[in-house]
Structure formats: C-alpha cells, structure tokens
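Structure assessment
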Amino acid sequence: PNNRVIVTGYADKQTAYPTYNLKLSERRSKAVAKALVTRYGINPSRISIDWEGDKIQPFDINEWNRVVIFVIQ
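These lines cover the structure that appears in this document, whether it is placed above or below. Values in this document were obtained by computation on a predicted structure and should not be read as measured data.

The rules behind these values
Residues numbered from 1 in each chain as written. Predicted model: local features only at pLDDT ≥ 70, side-chain atom pairs only at ≥ 80, totals over all residues. Heavy atoms only, no water. Pairing = 2+ DSSP bridges. Helix = DSSP H or I, 4+ residues; strand = E, 2+ residues; numbered from the N terminus. Axes fitted to C-alpha atoms, helices over the stretch in contact; angles between N-to-C directions. Contact = heavy atoms within 4.5 Å. Core = buried A, V, L, I, M, F, W, Y, C linked by side-chain atoms within 4.5 Å. Buried < 20%, exposed > 50% of the residue type's maximum accessible area, 1.4 Å probe, protein only.

As a further point, take the sheet that holds strand S3 (residues 68-72). Spatially, S2-S1-S3 is the arrangement adopted by the 3 strands of the open sheet, whose pairing is mixed. Every other strand in the sheet has two partners, leaving strand S2 (47-51) and S3 as the edge strands with one partner each. Strand-to-strand, the axes of this sheet are offset by a mean angle of 20°, without reference to chain direction. With 5 bridges joining them, strand S1 (residues 5-9) and S2 adopt parallel strand pairing. Following the sheet pairing, Ile6 is matched in S2 by Ser48. Contacts between helix H1 (residues 18-38) and the sheet are confined to S1, S2 and S3, with S2 contributing the most and set at about 160° to the helix.

Given below as structure tokens:
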C-alpha cells in the first residue's frame, strides 16, 4: 500500500502519425490507470500517468509497442 506506480503508454510507429500516436498512448495509459482505480481499488494518489507516443519503442517487434508498461517505485 505504500508503493507508487508509474503507468506509461506507448504506440507503435506503423499505426499512424506521431501526433495521433501521442494521443493514442495517452488514452491507453489513462484507461489502464482508471482500471487500476476502479477494478483493483488502487488509490489514485499512488498512480502517476505518462505517455510517450511512438518516440520510444520499447520492443523490437512493432506490434508489441502497443503497450502500457508499469514501473513500481
């Protein structure tokens, strides 16, 4: 209950244009954060939300970059 989580959304480069991908990754990260609060009862004050669009590609396989990654602090 004392840990915080950073929720970061990403988008793959082949989906669309960078502006669209940035908004898409924002929607993804916010949807996951909302699920953490509503489904799992995580206090919203423990969640930080970020999004990267297609600027960062965490994975070599394009489709895998349609992802939200959690980092526990």
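Now that the structure has been shown, the text picks up again.
Within the fold, Ile72 resides in strand S3. With sequence-adjacent residues up to four places away left out, Ile72 is seen in contact with Asn3, Arg4 and Val5.

Formed by Val5, Val7, Ala33, Leu36, Ile47 and Val68, the largest nonpolar core amounts to 6 residues. Only S1 and H1 provide two or more residues apiece to this core. The residues contacting Leu36, other than those within four sequence positions of it, are Val5, Val7, Gly41, Ile42, Ile47 and Phe70.

Read these as geometric descriptors, not functional statements.
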